[in-house]
Amino acid sequence: MEKDLPMPSGDGGSAGTDSEAADSAPPEEMQPSRPGEHAVSVLWSFGKCLGALLPVYLAGYFGFSISIVLFGLVIYMGWKHGRDGKHSRLQSAMYLLENEQDFTTTRVFRSKRDLPSWVNFPDVEKVEWVNKIIQQAWPFIGQYLEKLLVETIAPSIRASSACLQTLSFTKIDFGDKAMKVVGVKAHTEHDKRQVMLDLYISFAGDVEINVEVKKYFCKAGVKGIQLHGKLRVILEPLIGDVPLVGAITMFFIRRPKLDINWTGLTNLLDIPGLNAMSDTMIMDAIASFLVLPNRLTVPLVADLHVAQLRSPLPRGIVRIHLLEAENLAAKDNYIKGVLAGKSDPYAVLRVGTQTFTSHYVDNNLNPQWREMYEVIVHEVPGQELEVEVFDKDPDQDDFLGRVKLDLDIVRKARLLDEWFTLKDAPSGQVHLRLEWLSLLPSAERLSEVLRRNQNLTISSKTAEPPSAAILVVYLDRAQDLPTVYGTTSPVWEEAFTLFIQDPLKQDMDIQVKDDDRSVSLGSVTIPLARLLVTPELTMDQWFQLENSGQASRLYLKAVLRLLWLDEDAIPSPVSPCPMSPGSGQGEGGVTSEGAPGSSSLSPNPCVTRPQNTSPDAGFATEGVLRIRLVEAESLVAKDSFMGRKGKSDPYVKVRVGGVTYKSHVIKENLSPTWNEMYEVILTQLPGQEVQFELFDKDFDQDDFLGRFKINLRDLINSQYTDQWYTLNDVKTGRVHLVMEWLPRVTDPTRLDQILQLQSQQVYQNKTIPSAALLFVYVERAHGLPLKKSGNEPKVGAEISLEGVSNRTKICDRSTSPQWDEAFHFLVHDPRKDILTVKLSHSWGQALGPCCCPEREVLAEPTWCWTSWLPLDGALPESEILLRAEVKLLDSKLVECLKSNGDEVTDCDEAVEDHLIPSRDSDMAANLRHRAVPSNEEDSVGGAGGQGQVKLSIVYSSEESRLAITVHACRNLPASAKDGSDPYVSLILLPDKSRNTKRKTSVKKKELNPEFKERFDFDLSLEEATQRRLDLSVKHSVSFMSREKELIGKLQLDLDQVDLNSGVTQWYDLTEEAT
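Computed from a prediction, not measured in an experiment: that's the story for all the values here. The numbers attached to residues start from 1 for each chain and follow its sequence in the written order. Local features are withheld for residues below a pLDDT of 70 in this predicted model, meaning they are given only at 70 or higher, and side-chain atom pairs are given and counted only at 80 or more; totals for whole chains, interfaces and linings count all residues. Only heavy atoms go into the side-chain values, all of them from the structure, while hydrogens and water stay out.

Draft legend 1. Molecular detail of the overall build of the protein chain. Each helix and strand in the protein chain was counted, giving 17 helices and 52 strands. Any pair of residues with heavy atoms lying within 4.5 Å of one another is described as a contacting pair. Of all intrachain contacts in the protein chain linking residues separated by at least 6 positions in sequence, the fraction that spans at least 24 positions is 65%. In short, Shrake-Rupley with a 1.4 Å probe defines the accessible areas, and a residue's cover is counted only from the protein chains shown. In the form shown here, the protein chain has an accessible surface area of approximately 57600 Å², with 53% of it arising from carbon and sulfur atoms. A helix here means a DSSP run of H or I that spans at least four residues, while a strand means a run of E at least two residues long, and both kinds are numbered starting from the N terminus.

Right, here's the structure in full:
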């Protein structure tokens, strides 16, 4: 069967081409428009023309002046111009972000070639992988933000005003353009306890959000947003547990750039005059949350002081002396410029959100202001001082120039007195004197600070007098306020920073008021002189409110810091001036070049260097935790042989502060005795824990025997603890530990006692207890020799003490490197140990060592030593600047130690049990164990025959709380045939509420139970002395049992106890309270 196939022809080919063209044509061209659509288009064009002519007709009809029509036309043209400008800027930014690589290569480098492999940007790193993640997750981020707007923000707006009760979001679309992180800069050299990141954020998004208020037929919205800025993210504190970071803090160091395209009724905000006002209001709202000094803090772990993270202590204070200016541009002209005038200059100074304006000097191109300002510096590097000079005019002030200066330069120089050339101006210079004021946690130099401030003359009558200190107040919460409005126990968690002129004469007055601030709910007045006598000028406690309820109180933390200009650290000329290449251009040196244009105003000094170190406030704040692993008992048997149950070969792993210790293995023992000691240097950060895990050593895989954790904060609060800890996740087993957070002292008389105690202690792991803690601060070096090739070296410093070494970072090529790094070492004998510092080029070519015997540090009155040390085998001018500080580790065992040759006598029972026999004795035979007390018939039976209870009662002034520790009971009478199941219940009379009622755990079938449980009561010292302790030792019985419940009672008036010093003793139990 055949079919004829049509042959292609010329006409057919053209027809095919026409058909393809028709298929590829848009639908509008394929189908003719319908008559109805054409009519609507004509009517719409006619309506627009009528709308344009209607204002002119109405103006003539009502007799209005033509100027009104012209004014409206000008407003419309200004709005249209601003609107088109915003739209074009948004489109350009979106195009740039989408075609960044093409734009960079074609427009900037004028070439399509890739950049050479050797080109890199080490300061700021690109993170394209982050942008890919954000782009992938952007739709889901938009869903979350949409849910947030609809379910959270919209109801809160409707509840805020009756006029907005019908508000609703009609459209929410965050578009397809995700936010981009253009670059990231990491700062890890400033503080080892945090990670600081600078994120350069760029967002040009096609966001569309429409809002409608149906009651007033109002529609408004946003269509397109631009946001560009540098967001600083701080991850602190770093902790040794998941999630490794305690909190995330975010803020903009400077105001970001913001551009918004409005729609609907908010189109009016694009009218000239209103657009600048609206953008300023929006930026002010953003700045109130995310621009320094405001921070957004997101805690990731519990028990964090959020207020202190949100408002940490400032890095320092900069005192700005605005002295004078010269050669300013003349902006005032007369007769249309025929006669040249002068200017009426004034200055505006900005640091973050802090703004100051000087007075203006009339008709002067060389004005003298002589004004002084003090600004708080929160972040260096990062924050800048910006000085702008203007000419005062009746209409709009003329710009005369600006100066920008990174305040980190002021921090390093301490004192900067220079002329700065004005930028963006044809001429002009401004003279500034900038002083970096450090924050001192001691009142020793208060009189000198006040004397300096009296000698400081200020000509301007409007200037504030110089401050002697700053006061940072962390307002936490209040309790039991006498109000019926809202809560009676509000929580604020806010911080305030105040300048103090004279802390000897000024008081801090705090008033608590209700919402409308018309009724006072209480007040407290604290003389600042009280802070001057507290440790580190800090008070952290409850304060009783005056003119309030009897139980009304306020919890706050007040920190006072003196403002000190360290003149010894001000760079001074070095004589003779080193002439080696690069000696004045090192990272750690201060160059002699002034501001541009200042060479004719002041001579160039020699290369300068500081004479003292300048560590940050966190230097020498670490402490030492001493852990003694004594023994364990009742461990689970994991080894079996031919079906018969055996024992275990236990060992312990201790993890704390990122360090792991492992005990030795004890063969075939379910009640092993280790007697090992570990010491670890820790920073007091919240959320840290000490973790213990027990394992059974096997040939293949070790078996798990249990674990437990101890909060480091509890150990620091208790200082010393001797306790049995029950193992978790196993059936049986417990571990005996002695742990001590060692106090740090600088008392020379304690050194011999500490060393004597050290000689009497011996441990299985052959660890020698440390006698002191050495802190070393390596700041900078000067005048180092060049490499053999003639280039400047890349210098690193290695610090060693008794076999333990630490290394600094390697600085960029310089003969005067600066590290600013701190280290710490455990010291066994500070009278003999020697600190060694070795400098080298990239840990290769040696540049010279130096030594510092610790006895030189002990020779200083405060055991703090700072000096330039010469380097052996280097140039004559080669030196390194170090700071060394020694703190003795004062154990509680030293307090009970009375030296009588080698004899130790009269020790408290709780401490005496931890004195280890001398090395000459048989350790295994003489080692004392803290086993459960035996039931012996002796004088410890109690006067009433009901047994005794051992209590520790102490009041902590720092925490404003009463602590009662129930240690143990002994010689309790049996309440049943097989003994008793005792527990302790206590209450503070006359209050019988649950607030003061506590009870211990139940100990099964035990007549000599050990509890080791502590109970805290939030009371003032005055309240505590008015309470009576009502304690009962009871036998845990069932509801239907006929067994006697009460074993013994104790009632103790706390005013008969020395609560400040604390007391630990056995108390007799009686059948009835006495």
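Draft legend 2. Expanded view of the sheet that holds strand E41 (residues 834-841). Whether two strands pair comes down to DSSP finding at least two bridges between them. Within the open sheet, the four strands sit side by side as E39-E38-E41-E42. Their pairing is antiparallel. Of all the strands in the sheet, the pair left with one neighbour each is strand E39 (804-807) and strand E42 (845-853). Taking the axes of each pair of neighbouring strands and ignoring which way they run, one obtains an average angle of 20 degrees across the sheet. Pairing of E41 with E42, which is carried by eight bridges, proceeds in the antiparallel orientation. Bridge pairing in E42 places Thr-836 opposite Cys-851. Helix axes are fitted only over the stretch in contact, all axes being lines through C-alpha atoms; the angle between N-to-C directions runs from 0 to 180 degrees.

Draft legend 3. Region of the structure containing the sheet that holds strand E11 (residues 345-351). Within the open sheet, the four strands sit side by side as E12-E11-E14-E15. Their pairing is antiparallel. Looking at the sheet topology across the chains shown, the edges are occupied by strand E12 (354-357) and strand E15 (398-406). Taken over all neighbouring pairs, the strand axes of this sheet differ in orientation by 15 degrees on average, direction set aside. Here E11 runs beside E12; their pairing, made up of four bridges, is antiparallel. For Arg-350, the partnering residue across the bridge sits in E12 and is Thr-355.

Draft legend 4. View of helix H6 (residues 128-160). Counted at 1.5 Å a residue, the expected span for H6 with its 33 residues is 48 Å, but the 42 Å between its end C-alpha atoms falls short. Of all the bends in H6, the greatest, near 55 degrees, is centred on Trp-138, and the proline Pro-139 appears no more than four residues after it. Note on classification: 1.4 Å probe, protein chains only; a residue is buried when its accessible area is under 20% of the maximum for its type, exposed when over 50%, partly exposed between these limits. Buried within H6 we find Asn-131, Ile-134, Trp-138, Gly-142, Leu-149 and Ala-154. Here a helix's expected span is defined as the number of its residues, less one, multiplied by 1.5 Å. To get the bend at a given residue, fit one axis to the seven residues ending there, fit another to the seven starting there, and take the angle between those axes.

Draft legend 5. Quick look at the pattern of salt bridges. When a carboxyl oxygen of Asp or Glu lies within 4 Å of a side-chain nitrogen of Lys or Arg, that pair is called a salt bridge. A full pass over the atoms with the stated rule returns 37 salt bridges. With a closest N to O distance of 2.6 Å, Glu-633 and Arg-734 form a salt bridge. Here the residue Glu-633 occupies a position in strand E26 (residues 623-633), and Arg-734 occupies one in strand E35 (residues 734-742), the gap between them amounting to 101 residues. Via salt bridges that share partners, Asp-198, Arg-232, Arg-295, Arg-315 and Glu-379 belong to a single interconnected network.

Draft legend 6. Helix H10 (residues 446-455), seen in detail. For H10, the set of buried residues is Leu-446, Val-449, Leu-450 and Asn-453. For H10, the angular spread of the buried residues around the axis is 95 degrees, confining them to a single face. In H10, those exposed residues whose orientation departs by more than 90 degrees from the buried face are Ser-447 and Asn-455. Against the buried residues of H10 lie strand E8 (316-326) and strand E23 (553-564). Starting at the helix axis, one direction is taken to each C-beta atom, and the arc is that of these directions.

Draft legend 7. Region of interest: unusual backbone geometry. Residue Glu-236 is joined to Pro-237 through a cis peptide bond whose omega torsion reads -10 degrees. For Pro-237, the position within the fold is in strand E4 (residues 218-238). A cis amide bond, omega 5 degrees, links Leu-989 with the succeeding residue Pro-990. On the secondary structure map, Pro-990 appears in the loop between strand E47 (982-989) and strand E48 (998-999).

Draft legend 8. How the structure looks around a nonpolar patch on the surface. A cluster of nonpolar side chains, namely Leu-54, Tyr-57, Leu-58, Tyr-61, Phe-62, Phe-64 and Ile-68, defines an oily patch on the protein surface of about 780 Å² accessible area. With respect to the helices and strands, Leu-54 occurs in helix H3 (residues 35-61). For Leu-54, a relative accessible area of 39% translates into the label partly exposed. Patch members must show over 30% relative accessible area and no salt bridge, and they are joined within 9 Å when carrying like charges or within 5 Å when they are nonpolar side chains of Val, Leu, Ile, Met, Phe, Trp or Tyr.

Draft legend 9. Focus on the pairing of E41. By the bridge criterion, six bridges tie strand E38 (residues 795-801) to E41 in an arrangement that is antiparallel. Looking at E41, one finds that Glu-798 is bridged to Lys-838. Joining the antiparallel neighbours E41 and E42 is a turn of three residues, in which Ser-842 adopts a positive phi near 50 degrees.

Draft legend 10. The packing of aromatic side chains, seen in detail. A pair of Phe, Tyr and Trp rings is counted when the ring centres sit within 6.5 Å of each other, with Trp represented by its six-membered ring. The angle between the planes then sorts it: under 30 degrees is stacked, over 60 is edge-to-face, the rest tilted. Throughout the structure, instances matching the rule amount to 12 aromatic pairs. Between Trp-542 and Tyr-555, the ring centres sit 5.1 Å apart and the planes meet at 65 degrees, which makes this aromatic pair edge-to-face. In this pair, Trp-542 sits in strand E22 (residues 538-544) while Tyr-555 sits in strand E23, placing the two residues 13 residues apart along the sequence. A residue is classified by how much of its surface remains accessible, and Trp-542, at 9% relative accessible area, is buried. We classify Tyr-555 as buried; its relative accessible area is 14%. Look at Phe-619 and Phe-775: their rings are 6.2 Å apart centre to centre, the planes differ by 70 degrees, and that puts the pair in the edge-to-face class. Separated by 156 residues along the polypeptide, Phe-619 in the loop between strand E25 (608-609) and E26 and Phe-775 in strand E37 (residues 772-782) bring together distant segments of the chain. Grouping residues by exposure puts Phe-619 and Phe-775 together as buried. Charge-over-ring placement is defined geometrically: NZ (Lys) or CZ (Arg) within 6 Å of the ring centre, and within 35 degrees of the ring normal. Above the face of the Tyr-651 ring, Lys-662 is positioned so that its terminal group lies 4.7 Å from the ring centre. For Arg-970, the ring lying beneath its charged end belongs to Trp-1066, and the centroid distance is 3.9 Å.

Draft legend 11. Looking closely at empty space enclosed by the protein. With a 1 Å grid spanning the protein atoms alone, the term cavity applies to any set of points in which a 1.4 Å probe fits but cannot get out, the term pocket to an open set with protein on both sides within 12 Å along at least five of seven lines, and the term lining residue to any residue with an atom within 4 Å of a point. Grid points are joined across faces, edges and corners, and a volume is the space filled by probe spheres set on the points. One pass over the structure, following the stated rule, counts five cavities of 30 Å³ or more. Counted as a void, the largest cavity has a volume near 120 Å³. Together, 13 residues line the largest cavity, and Arg-626, Val-738, Glu-740, Tyr-763 and Leu-893 are the ones closest to its centre. Per-element accounting of the lining of the largest cavity gives the leading share, three residues, to E35. Residue polarity is assigned by list, with Asp, Glu, Lys and Arg as charged and Ala, Val, Leu, Ile, Met, Phe, Trp, Tyr, Cys and Pro as nonpolar; anything else, Gly included, falls into the polar class. Of the residues that constitute the lining of the largest cavity, the class distribution is seven nonpolar, three polar and three charged. Each pocket or cavity is described by its volume, and for the second largest cavity that value is around 80 Å³.

Draft legend 12. Representation of the nonpolar core in the model. Within the largest apolar cluster, 42 residues are counted, with the highest numbers of intra-cluster contacts made by Leu-774, Val-778, Trp-819, Leu-839 and Ile-880. Here Trp-819 is in contact with Val-778, Glu-779, Arg-780, Ala-781, Val-795, Gly-796, Ala-797, Thr-808, Lys-809, Cys-811, Leu-839 and Ile-880, once residues within four sequence places are set aside. Think of a nonpolar core as a cluster: buried Ala, Val, Leu, Ile, Met, Phe, Trp, Tyr and Cys residues, connected wherever their side-chain atoms sit within 4.5 Å.

Draft legend 13. Seen up close, the side chain of Asp-833. Along the chain, the position of Asp-833 falls in the loop between strand E40 (818-827) and E41. Asp and Glu count as negative and Lys and Arg as positive, but His and the ends of the chain are not part of the count. As a buried residue without a salt bridge, Asp-833 has its nearest oppositely charged side chain in Lys-832, at a separation of 8.3 Å. Not counting residues within four places of it along the chain, the set of residues in contact with Asp-833 comprises Leu-801, Glu-802, Val-827, His-828, Pro-853 and Glu-854.

Draft legend 14. Here's a closer look at the environment of Leu-70. Summarising the element assignment, Leu-70 is placed in helix H4 (residues 66-98). Of the residues examined, Leu-70 reaches a relative accessible area of 48% and is grouped as partly exposed. Between the C-alpha atom of Leu-70 and that of Val-56, which follows or precedes it by 14 residues, the distance is 9.6 Å.

Draft legend 15. Fine view of the confidence of the model for the protein chain. Per-residue confidence for the protein chain averages 77 on the pLDDT scale, and 78% of its residues sit at or above 70. A score between 0 and 100, pLDDT records how confident the predictor is in each residue. Below a pLDDT of 50 lies the segment residues 108-120, which in the model reaches 10 contacts outside its immediate sequence neighbourhood of four places, other chains included. Contacts of residues 572-607 to residues separated by more than four positions or lying in other chains number 62 contacts, the stretch itself having pLDDT below 50.

Draft legend 16. Spotlight on the UniProt feature "transmembrane region" (unreviewed entry) in the protein chain. According to UniProt, the feature "transmembrane region" (unreviewed entry) maps to residues 56-79 and 233-253 in the numbering used here. End C-alpha to end C-alpha, residues 233-253 measures 10 Å, and it is 0% helix and 67% strand. UniProt positions are given in the numbering used here, feature names are shortened, and annotations may be inferred rather than shown by experiment.

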